[in-house]
Amino acid sequence: MGRTVVVLGGGISGLAASYHLSRAPCPPKVVLVEGSERLGGWIRSVRGPGDAIFELGPRGIRPAGALGARTLLLVSELGLDSEVLPVRGDHPAAQNRFLYVGGALHALPSGLRGLFRPSPPFSKPLFWAGLKELTTPRGKDPDETVHSFAQRRLGPEVASLAMDSLCRGVFAGNSRELSIRSCFPSLFQAEQTHRSVLLGLLLGAGRGPQLDSALIRRARAERWSQWSLRGGLETLPQALNTHLTSRGVRVLRGQPVCGLSLQAEGRWKVSLGDSSLEADHVVSAVPASVLSRLLPAQAAPLARALSAIPAVSVAVVNLQYRGARLPVQGFGHLVPSSEDPGVLGIVYDSVAFPEQDGSPPGLRVTVMLGGSWLQTLEARGSVLPQELFRQQAQHAAATQLGLKEPPSHCLVHLHKNCIPQYTLGHWQKLEAATQFLASQRLPLTLAGASYEGVAVNDCIESGRQAAARVLGSEPNG
Ligand SMILES: Cc1cc2nc3c(=O)[nH]c(=O)nc-3n(C[C@H](O)[C@H](O)[C@H](O)COP(=O)(O)OP(=O)(O)OC[C@H]3O[C@@H](n4cnc5c(N)ncnc54)[C@H](O)[C@@H]3O)c2cc1C
C-alpha cells in the first residue's frame, strides 16, 4: 500500500506542497485539509461594483530572483499565462515609491544619479549613507534587530525612516524588534560574506540557477517589478485546487484539524472533530502557533519553540473613489512609525493594475492599518468596530492623498494574526524545531509563512521544499 501524506492548511503554502507531492513520479496519496470553507488563506480577491477587483491580502507578486522565476513557472504550468497582469520596468508603479513624512509625500530616489541629489526627508544625499555602509566593519553578533543593523551600517535617518517603513510595509512590524538575519537574510548574508551589504548585493547578484520559460523570459526582458492576475491573485489558489483535484488529491474544506497524535506504529492520527485520518507523514502549512496547539505531549519541546513565533494583525481597508485623481503616480507610499503609529501605508492599486478598476473605472487604493496603534487596541481587549478602521483609513486617504470626497465603495477587514513576526533570535527557534524533528525522527515537515519568508514566493517555495523532503529528494536550490 502507498504512503499517505496529510497536508494541514489550504493556504498557498499547503496548496504548493500538495501540488509538488502530486507531481512526483510515484506520488503518495495526498489529503489536503483546510479548516475554512475557502482555499487560499490570506490570498483573497473579491469583486465590487462594475466588476472591480479588491485584494484583501497580497496584491502583487515579485518576479525577481530564483523564487520569483519558480512562481512564474508554476503560473505557466497551471495555464495562467494569459491572465498575468505585469507591471513593466518603465511603468510609474515600478519606478516610484514614496514616504509620507512631515505631512508630505517624498519620492524615494531611484537610479544611481538619485543617490547624489538631495532627497528629503533625508537631510543629506543618500550617497553619504552608502559611503558609510562601504566603510563600516562587519558586525559580530549572530543576529541583530533591523533597526540596529541599519543604524550601524547606514546611519540613524535611514534606520528610522526607510528601514522602519520597510518593516511596516512588508511585515506590519517594528524594526526595533524584527531580526535582520531572518527578515532580510540577503542583507545579513551580504555583510557576513562581503563585509558590506552594498558590495555583497553587487557581487552576489545574478548567481543561482537560471530557470527558463517563455513567461520568465518576458518578465526579464520587460523588467517586471511585480505582477497580478486579471481576476485577482485568488485565481492562483483556485487554479491549484482544480489541478490537485484532477490529479486525485483529496481536498477537504471546512474541516479544522483539532489534534495530532502518534500511533504505536509511528503513524499519525489527524483528528477532525468527529472523524479522523491516518497518515504516514504530515506536512504542516498552518501557522506555527496553530500547530503548537495541535501537537501531542511527546512533542512539547517543538510546541514550545513554535508557540514563541508571534504574529501581528492588520486592518485592510479597500477604498474606491469616483472621478478622483491621485496627486502622484507610483506603487504607493509607506508611513514611518514616527509619523503615524497606526497607518502603515497606502497602496495605489489603480496605478499598478488599472485593468482591475471595473467599469466604469474608479480609483482604487488600499489603506493598511496596524502597528503599535492596533496592538494597543487589541491588548486592551477593546471591541474593534469596522467603523473605527473605515474612519481612520478615510482620514489617511484624505490627509495623505487629498482624497477628501467620501469613497463610493469601502471594504474593511481585520485580519487577526496574519503576519508572522521574525523577531530577534527567530533563527534559534527554527534551529530548536529542526533539531527536535531530526532527533525524534518525527514524520512531520514544516512549511508556511511562519518560518523563512512571508512573501507569496517564499511560501510557495516552502511548500515545494517540504514536498521534496517528504519525497526524499533534497530541494535543489
Ligand atoms: C494583508 C496582507 C497583505 C500581503 N501582501 C503581500 C503582497 O503584496 N505580496 C506578497 O508576496 N505577500 C503578501 N502578503 C503575505 C502572504 O500573502 C502570506 O504570507 C501568505 O499568503 C501566507 O500563506 P500560508 O499558506 O503560509 O498561510 P495562510 O494563508 O495563513 O494559510 C494557512 C491556512 O491554514 C488554515 N488553517 C488554520 N488552522 C487550521 C486548522 N486547525 N486546520 C486546518 N486548516 C487550518 C487557514 O484557514 C489557512 O487557509 C500579505 C499578507 C497579508 C495578510
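The rules behind the values
Residues numbered from 1 in each chain as written. Predicted model: local features only at pLDDT ≥ 70, side-chain atom pairs only at ≥ 80, totals over all residues. Heavy atoms only, no water. Buried < 20%, exposed > 50% of the residue type's maximum accessible area, 1.4 Å probe, protein only. Helix = DSSP H or I, 4+ residues; strand = E, 2+ residues; numbered from the N terminus. Pairing = 2+ DSSP bridges. Near = heavy atom within 4 Å. Polar contact = N/O pair within 3.5 Å; in protein donor to acceptor, adjacent residues only side chain to side chain. Areas by Shrake-Rupley, 256 points an atom, 1.4 Å probe, with all protein chains shown as cover. Domains from an automatic or database assignment. Contact = heavy atoms within 4.5 Å. Buried area = accessible area lost by both parts, 1.4 Å probe. Salt bridge = Lys/Arg side-chain N within 4 Å of Asp/Glu carboxyl O. Nonpolar A, V, L, I, M, F, W, Y, C, P; charged D, E, K, R; others polar. Core = buried A, V, L, I, M, F, W, Y, C linked by side-chain atoms within 4.5 Å. Axes fitted to C-alpha atoms, helices over the stretch in contact; angles between N-to-C directions. Parallel < 35°, antiparallel > 145°, perpendicular 65-115°, else oblique. Left-handed = near helix turned anticlockwise from the far one by under 90°.

J.: With reference to specific residues and values, describe the pairing of strand S17 (residues 363–369).
T.: Burial within S17 is extensive, with 7 of its 7 residues counted as buried. Side chains Leu-363, Val-365, Val-367 and Leu-369 project from S17 onto one buried face, and the interleaved Arg-364, Thr-366 and Met-368 project onto a second face that is buried too. As paired elements, strand S14 (residues 311–321) and S17 share 7 bridges and run antiparallel to each other. Note that in S17 the partner of Val-316 across the bridge is Met-368. Sheet topology note: the strand S16 (residues 343–347)/S17 ladder contains 4 bridges and is antiparallel. Residue pairing in the sheet places Ile-346 in a bridge with Val-367 of S17.

J.: Explain the site of the ligand to me, and be specific about the residues and the numbers.
T.: Around the ligand sit 30 residues, and of these Ser-13, Glu-34, Val-257, Val-454 and Val-456 come closest. For the ligand, an oxygen atom lies 2.6 Å from a polar atom in the side chain of Glu-34. A distance of 2.8 Å separates an oxygen atom of the ligand from a polar backbone atom of Val-456. Within the complex, 84% of the 1000 Å² of free accessible area of the ligand lies under protein.

J.: Can you break down the domain arrangement of the chain residue by residue, with the values?
T.: Each assigned domain of the chain is listed here: domain 1 (4–42 + 233–309 + 423–471) and domain 2 (114–204). Between domain 1 and domain 2, the C-alpha centre-to-centre distance is 34 Å. Listed as interface residues are 6 residues of domain 1 and, on the opposing side, 11 residues of domain 2. In total, about 660 Å² of surface goes out of reach between domain 1 and domain 2, with carbon and sulfur atoms giving 68% of it. Per-residue buried area on domain 1 facing domain 2 is highest for Thr-423, Leu-424 and Trp-427; these three make up 71% of the total on that side. Taken together, the connections running from domain 1 to domain 2 amount to 0 salt bridges. Across the contact surface, domain 1 and domain 2 share 2 residue pairs in polar contact (both at pLDDT 80 or more). Of the residues that constitute the side of domain 1 that touches domain 2, the class distribution is 3 nonpolar, 3 polar and no charged.

J.: Tell me about the nonpolar core, and name the residues and values.
T.: Within the largest apolar cluster, 42 residues are counted, with the highest numbers of intra-cluster contacts made by Val-7, Ile-12, Leu-78, Trp-227, Leu-236 and Val-283. Elements that contribute at least two residues to this core include exactly strand S1 (4–8), helix H1 (12–22), strand S2 (29–33), helix H2 (65–77), helix H11 (214–221), strand S8 (226–229), helix H12 (235–246) and helix H19 (456–471). Beyond its immediate chain neighbours, meaning those up to four positions away, Val-7 contacts Gly-14, Ala-17, Ser-18, Leu-21, Val-30, Val-31, Leu-32, Val-33 and Val-283. Among the nonpolar cores identified, the runner-up in size contains 32 residues, and Val-87, Val-343, Val-367 and Phe-389 belong to it.

J.: With reference to specific residues and values, describe the packing of helix H16 (residues 371–379) against helix H17 (residues 386–401).
T.: Close contact between H16 and H17 brings their axes to 14 Å; oriented N to C, the two are set at 165°. As far as their axial angle goes, H17 and H16 are roughly antiparallel. In the crossing of H16 with H17, the sense of the turn from one axis to the other is right-handed. Mapping the contact onto sequence places Trp-373, Leu-374 and Leu-377 in H16 and Leu-388, Phe-389 and Gln-392 in H17. Across the contact of H16 with H17, the residue classes tally to 5 nonpolar, 1 polar and no charged.

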